[in-house]
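Structural characterization, general
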Amino acid sequence: MEHVQELIETLKQQGIRDERVLKAMQNVPREIFLPENLKSHAYENRALPIDCDQTISQPYIVALMTQALQLQSIDRVLEIGTGSGYQTAILSQLCKTVYTVERWEELGQIAQERFRQLELNNIETVFGDGTLGWPEHAPYDAIIVTAATPSIPSAYFEQLTPGKRLVIPVGGSEAQELILAIRDETGWECSTLCGCRFVKLIGEQGWKAD
Ligand code: SAH
């Protein structure tokens, strides 16, 4: 079984430099977010299957997305696609509040139970269509989307403070680019972080359900 310290070394070699992000990756036990039979793989640097045909993201991608957001401790962050809750837990270490939206109620409930277990008290969860964001708590200081869309839903533009950052995988259903989009008054300034492969963001402003 790999140890968390080996994973941290790998992340550093891959270019994760933000000490706060590395510390969060060190502190949050990834095995808590995995099904029983996969817990021994927790510190391998790869995505793994979870319930409802979804995946827990690769640690490198979690770290890269988190680093790109440049979070401050006063920030309120919107996350779309709670999934296992692992990325949510990492974010919760680095900001004031995480608002996280999950389409599958079952997954959201399991994640909520994990947040309670780890006493992560700055996470608000809701079940619903995250392609519409979460208007009640807008505007946000950062938005992170952990499922892939063909294009950036307009709700994220409306719900993000100008000058702030969105990280989102954009592309086809099989492969995408991880996009860092900085919002200005009139649109997005986009750059590509890397190629990636996420499950589909399904909803009104994303993919249609199969
Ligand atoms: N960050 C998660 C990734 C989970 S995979 C982790 O590391 O565990 C992506 C998640 O997005 C899935 O749980 C899927 O159900 C969810 N999802 C897909 N479409 C969604 C939508 N419209 N709103 C909210 N969540 C959505």
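A quick note: this is a predicted structure, and the numbers were derived from the prediction, not measured. (Residues numbered from 1 in each chain as written. Predicted model: local features only at pLDDT ≥ 70, side-chain atom pairs only at ≥ 80, totals over all residues. Heavy atoms only, no water.)

A few words on the pairing of strand β8 (residues 176-183). Of all eight residues making up β8, six are buried, and the element is well covered by its neighbours. Both strand β7 (residues 160-171) and β8 contribute to a ladder of seven bridges, which runs antiparallel. The partner of V170 across the bridge, within β8, is E177. Between β7 and β8, which pair antiparallel one after the other, the connecting turn spans four residues. Taken together, the eight bridges between β8 and strand β9 (residues 188-196) define a ladder with antiparallel strand orientation. Residue I182 lies in a different strand from β9, and its bridge partner there is E189. (Buried < 20%, exposed > 50% of the residue type's maximum accessible area, 1.4 Å probe, protein only. Helix = DSSP H or I, 4+ residues; strand = E, 2+ residues; numbered from the N terminus. Pairing = 2+ DSSP bridges.)

Attention now moves to helix α3 (residues 59-69). Most of α3 sits inside the fold, with eleven of its eleven residues counted as buried. Every buried residue of α3 is listed here: P59, Y60, I61, V62, A63, L64, M65, T66, Q67, A68 and L69. Two residues or fewer after α3 comes Q70, characterised by a positive phi angle close to 50 degrees.

Okay, the site of the ligand next. If you check the shell around the ligand, you find 25 residues, and the closest are S57, S84, E102, G130 and I202. In the model, a nitrogen atom of the ligand is placed 3.1 Å from a nitrogen or oxygen of the D129 side chain. Separating a nitrogen atom of the ligand from a side-chain N or O atom of T146 is a distance of 3.2 Å. Surface burial for the ligand is 99%, taken as the share of its 580 Å² of free accessible area covered by protein chains. Only β2 (55-56) and β4 (97-102) provide two or more residues apiece to the shell around the ligand. Among the residues forming the shell around the ligand, the class breakdown is nine nonpolar, twelve polar and four charged. (Near = heavy atom within 4 Å. Polar contact = N/O pair within 3.5 Å; in protein donor to acceptor, adjacent residues only side chain to side chain. Areas by Shrake-Rupley, 256 points an atom, 1.4 Å probe, with all protein chains shown as cover. Nonpolar A, V, L, I, M, F, W, Y, C, P; charged D, E, K, R; others polar.)

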